[in-house]
Amino acid sequence: MPLDANTPDLRTEFKSVGTRPNRPDGVDKVTGRARFGADFALPGQLTGLILRSPHAHAKIKSIDTSAAEALPGVKAVITYKDIPEQEGCDKDVLVNIMARGTALYDGHAVAAVAAVDASVARKALKLIKVDYKVLKHVTDVDEAMKPDAPVLHPGRFEPVDFSTLENAAHVSGKEERKTATRAHSNIAGRYVFGHGDPDKGFKQADIIVEHEFKTEATHQGYIEPHACTASVSSDGMAELWVCTQGPFMVRDVCASLLGMDVSRLRVTPSEIGGGFGGKTTVFIEPVALALSRKAGKPVKVVMSRSEVFRATGPTSSASMWVKIGAKKDGTFVAADAVLKYQGGAFPGSPVEMGAMCAFACYDLKNVRIVGYDVVTNRPKQAAYRAPGAPMSAFAVEGVIGEIADKLGIDAIDIRLKNAAKEGTVSSYGPTFGPVGLVETLEAAKAHKNYKVKLGKNQGRGVASGFWFNFAGNTCVSINLNVDGTLALALGTVDIGGSRASMCLMAAEELGISYEDVRAIIADTSSLGYNDISEGSRVTFSSGLATIKAVRDLKVKMCGRAAKIWGIPEDAVKWENGAAHPAGSNAGNFPPLSIKEIAAQASATGGPLAGHYEINAEGAGPSFATHVCDVEVDPDTGAMKVLRYLVVQDAGKAIHPSYVEGQFQGGAVQGIGWVLNEEYFYGKDGTLQNAGFLDYRIPVCSDVPMIDTVIVEVPNPGHPYGVRGVGETSIVPPLACVANAVSDAIGVRARTLPMSPPKVLAALEGVAASKA
Amino acid sequence: MRYEAPDTIKAAVGLLSKAKGTSRILAGGTDLLVQMRSGMIEPDLVVDIKSIPGMREIVAEKGGFRIGAAVSGAELEEHGKVGKMWPGVVEATNLIGSTQIQGRATMVGNLCNASPAADSVPAMIAAGATARVVGPKRTRDVPVEDIAKAPGKTSLAKGEFVASIFLPKAPARTGSAYLRFIPRTEMDIAVVGAGIAMTLNAKGVITAAKVSLGAVAARALVVEECAKAIIGSTLDDAALDRLAAAASAAAKPISDKRGTVDFRIKVAGVLARRAAVIAYDRARG
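Given the structure is predicted, the values throughout are model-derived calculations rather than measurements.

### Re the overall build of chain A
Moving on, step 1. Each helix and strand in chain A was counted, giving 22 helices and 26 strands.
Moving on, step 2. For chain A, whose C-alpha radius of gyration is 28 Å, the value lies close to the compact-globule estimate of 28 Å for 771 residues.
Moving on, step 3. Dimensions of chain A, computed from C-alpha atoms along their principal axes, come out at roughly 90 × 75 × 50 Å.
Moving on, step 4. Taking all 771 residues of chain A together, 62% fall into the buried category.
Moving on, step 5. Taking the contacts inside chain A whose residues are at least 6 apart along the sequence as the reference set, 81% of them involve residues at least 24 apart.
Moving on, step 6. Roughly 27300 Å² of accessible area belongs to chain A as shown, and the carbon and sulfur atoms make up 51% of that amount.

### Things to note about the side chain of T244 of chain A
Residues and elements named next belong to chain A.
Moving on, step 1. Checked against the element boundaries, T244 lands in the loop between β10 (238-242) and α10 (247-258).
Moving on, step 2. For T244, the side chain forms a polar contact with the main-chain nitrogen of G246, separated by 2.9 Å.
Moving on, step 3. For T244, the contacting residues outside a window of four places in its chain are M249, V250, P269, I272, K279 and V493.

### Section: helix α11 (residues 285-295) of chain A
Moving on, step 1. Burial analysis of α11 of chain A places eight of its 11 residues in the buried class, the great majority of the element.
Moving on, step 2. The first or second residue beyond α11 of chain A is G296 of chain A, which carries a positive phi of 75 degrees.

### A few points about the interface of chain B and chain A
Moving on, step 1. Listed as interface residues are 19 residues of chain B and, on the opposing side, 22 residues of chain A.
Moving on, step 2. Overall, the association of chain B and chain A removes approximately 1800 Å² of surface from exposure, summing both partners, and the carbon and sulfur fraction of that is 53%.
Moving on, step 3. On inspection of chain B and its partner chain A, the count reaches seven salt bridges.
Moving on, step 4. Residue R274 of chain B is joined to D633 of chain A by a salt bridge in which the shortest nitrogen-to-oxygen separation is 2.8 Å.
Moving on, step 5. The interface formed by chain B and chain A contains 13 residue pairs in polar contact (both at pLDDT 80 or more).
Moving on, step 6. The class makeup of the residues in the side of chain B that touches chain A is seven nonpolar, three polar and nine charged.

### Side note on the pairing of strand β7 (residues 140-143) of chain B
All names here are of chain B.
Moving on, step 1. Only one face of β7 is covered, namely the one carrying R140 and V142; the face carrying D141 and P143 has none of its residues buried.
Moving on, step 2. Inspection of the sheet shows strand β6 (residues 130-134) paired to β7 by four bridges, in the antiparallel sense. Following the sheet pairing, R132 is matched in β7 by D141.
Moving on, step 3. From the end of β6 to the start of β7, which pair antiparallel, there are five residues.

### What to know about the packing of aromatic side chains
All names here are of chain A.
Moving on, step 1. Under the counting rule described, the total for this entry stands at 22 aromatic pairs over all chains.
Moving on, step 2. With a centroid separation of 5.5 Å and 80 degrees between ring planes, the pair formed by F213 and F394 is classed as edge-to-face. Linking F213 in strand β8 (residues 207-215) with F394 in helix α14 (residues 389-407), this pair joins segments that are 181 residues apart in sequence.
Moving on, step 3. With a relative accessible area of 3%, F213 lands in the buried category.
Moving on, step 4. By relative accessible area, which is 1% here, F394 ends up buried.
Moving on, step 5. Taken together, a centroid distance of 5.4 Å and an interplanar angle of 10 degrees make the contact between W565 and F589 stacked. Note that W565 is positioned in helix α18 (residues 538-565) and F589 in the loop between β21 (578-581) and β22 (592-593), a separation of 24 residues in sequence.
Moving on, step 6. Note on W565: relative accessible area 12%, which makes it buried.
Moving on, step 7. Residue F589 is classed as partly exposed on the basis of its relative accessible area, which comes to 26%.
Moving on, step 8. Through successive ring pairs, a cluster of aromatic residues spans Y428, F432, F466, W467, F468, F470 and F623.

### Observations regarding the domain arrangement of chain A
Residues and elements named next belong to chain A.
Moving on, step 1. Structurally, chain A comprises domain 1 (3-34 + 471-616), domain 2 (37-136 + 226-302) and domain 3 (317-469 + 620-770).
Moving on, step 2. Each of domain 1 and domain 3 has a C-alpha centre, and the two are 38 Å apart.
Moving on, step 3. At the junction of the two partners, domain 1 supplies 29 residues and domain 3 supplies 23 residues.
Moving on, step 4. Buried surface at the junction of domain 1 and domain 3, summed over both partners, amounts to about 2000 Å²; 60% is from carbon and sulfur atoms.
Moving on, step 5. When residues of domain 1 are sorted by the area they lose upon contact with domain 3, R20, S536 and F540 head the list and together hold 29% of the total.
Moving on, step 6. Counting every contact that joins domain 1 to domain 3 gives one salt bridge.

Calculation notes
- Residues numbered from 1 in each chain as written.
- Chains lettered and ligands numbered in written order.
- Predicted model: local features only at pLDDT ≥ 70, side-chain atom pairs only at ≥ 80, totals over all residues.
- Heavy atoms only, no water.
- Helix = DSSP H or I, 4+ residues; strand = E, 2+ residues; numbered from the N terminus.
- Rg over C-alpha atoms; globule rule 2.2 N^0.38 Å.
- Buried < 20%, exposed > 50% of the residue type's maximum accessible area, 1.4 Å probe, protein only.
- Contact = heavy atoms within 4.5 Å.
- Areas by Shrake-Rupley, 256 points an atom, 1.4 Å probe, with all protein chains shown as cover.
- Polar contact = N/O pair within 3.5 Å; in protein donor to acceptor, adjacent residues only side chain to side chain.
- Buried area = accessible area lost by both parts, 1.4 Å probe.
- Salt bridge = Lys/Arg side-chain N within 4 Å of Asp/Glu carboxyl O.
- Nonpolar A, V, L, I, M, F, W, Y, C, P; charged D, E, K, R; others polar.
- Pairing = 2+ DSSP bridges.
- Phe/Tyr/Trp six-rings, centres within 6.5 Å; stacked < 30°, edge-to-face > 60°.
- Domains from an automatic or database assignment.

The structure is reproduced here in structure tokens:
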């Protein structure tokens, strides 16, 4: 059938897509009916609790669990010995879920109990005797790179001798030269990107600005703590109900850690009360399974908020140096950066992505970025919305703001002058296809917020940002029900309204109403492997697979119509929710609606279903430009965000409300990061603010309504032009707010958070220098 | 853990006097329940005082008001007359927590939790409030500033608890105010707090004043130098400068996750000055 004739590769006219219906999960969420991680319960289930290290770094000399085991009501106590190392498992994940010989951070799991109730479990935890030998610790990234720093993993990482890098092709930056003769072994990785010759480029510059920057670790701050219920039967079959962004990942990682065949573990994801990247790994899940395996009963583990802060992954803290050279007209001639990100006690900080994103917004002939992945005595970092990008953008966009100020060029104009566009060779390698940075800058400049006159102690900041967007493994099924409605089975957890978007795309493709499609998130035994809901990939990848699965179904439905009419299959086309005879048969038969085809499915060959699986590519990056106005109280350093504008390229906004929601959410998380959020460590390396009282995410009254503009530069990699939008929105805010504060009071914040004590101290410094 | 809800002060005092181990009073519970849930404390006895007559009442007394220990922030606000006489006290109490917390949280709980950052305490001190302490031996009225000793520690003896707060009659041309600094706009703990009350004569000259600072020492401070700095003035700029300097000089804070020493010292002066301006305007009507 000539399917492609009425479903072109890039559709530009839509009926359902672009509308704003209520999300299918909305009523359950606002009425409290939705089931989140902690809402699952099984008969006879036990309460699991985890004992955690009170030390930042300590040798575990012994663990005595005998008294806990003897306590009535305790059904299982486990240590690392109950989770023996399996061949091929991820050793870092294994060590992170349960310490093996050394506690590497405050909050590191050391043992766990399962008991008949929480009260008994709490008592049991107190009866476990752990003999620690406290070791020297390090939590700061720069300190961890010093030659005399405590080493977390002796012998694991090759010492880096900077003197040997001095003459290497990509030696970069003042900071590296400063430490040129030092060697150490908390450096888990080094990444270099760039092209051209920055050293030559800087010689052409009329102005060069370079500075050092630091950002503190911030937590994703999801409202729902991690929770799961595990049930392992005596025959080794297991089920797990869990709050996660990636049920297939949870299944495969847990099976690998526990030495199970993947087929024996079925994972069902719950509704998710926020993840933002933090639920893309395992913490309590293998522990709950190991407890259940030992106790022979279901075990539920629910983290407290304090455990979430101490033992799950915040993002990295970072120390950075950025140097940019420009001509008088604002043209950038060279850029150079060194980024050092600590990722907690294990390798894997997002410095590589931070390095790739740092200068991605700009068309640079000479650019170099060197990134270091460093380990410290902090919890293992986890992905956090555009992992690694907000920090490097903070430094780069801050330097650009200063260059614009010094040259007297408008903050948007200088970015327009240097903006990456189609054909630009990006700073990390690939050449960009159609991208929308210029469009976001132009829309920001035209927006009313950019024209508002500012008052005393008020200032305006601008920053742009980039995120790659991921695609990846995706598998979707769509089943035609007997009445012509549809059941859409997705394998990507809905973290941002994606079920609504999938229903819109299915409805669009079929020419039926949104209400006739119901999407569910399937368990891991119902669909082929799906990658995690991360990297802003879901609406792109599952959307692509949904469209293709629907097209598969349409071919089959046209086939049934052909059978009913007795004409060739390729003489049928699908239009407006019905099969129509086409070509020479056009008009010979009345169209068969989807309801009529569904009603006759049994008689014409059986159930009808569409299916599609792909390792998708072509996600298409999303660029954004933010503009914010702040007012600073010069006597206290208090800051108020007056206005905040997000302009971002969505390619095609499937459900504009949820696109705007992503823009707003990222902006607010970024505002929290720049103003008040931080991991605050005591001298002993323990976390001092493991709760929402003193870990200050913004409350509603802290932020204005975030204004949004959706720019649509279609992504040719998606049938409707979709680009992921979930992550880019957190990339510009750090620099955007900092640039606005600088405009307001002349203080350039280069160390985050820009909390009132720091701002006030800086203001007094400025006043003193003027006096 | 034993939970008791006696219906007389005598019974409550009896339970507390005889209790072994850790005992706690439950009024609003907004500190107690959080501390219990987080494992900070595991009381052996919890005495809920909400069933005792008078605990949830505000009654007029000698031109002022007696406020029961279990009166919530929301009830205090809705009363109206207390806030008209002592706006500083009511606005300070209403800053605690969220709307939901206001439905339970009490001034007396705020006082007896003995946090140096308690918002209602500097405001009560500035207003000259007294706490009625009941106990096994006698009932005594104690100035609010003498209840908290150090973070988490009070001057109450075993078996004693605070049954009510008395706010005296405000003289004519009296104004009060409380300001705090928090990094957010709400739902936070004071980094610095400043409570002030003052009385003017007919010419607008300050004849009496009391200033109390929170979160800049181990307990709320009464700063007599601040009062001296403005008494006899019409709160001109020079008086305000003296006031701010006295407040900063009196502050003896620590650096912690909520703020630094330098910041708290500076902001103590800023808030004292700003609160004084508000109180002065209120006193003039």
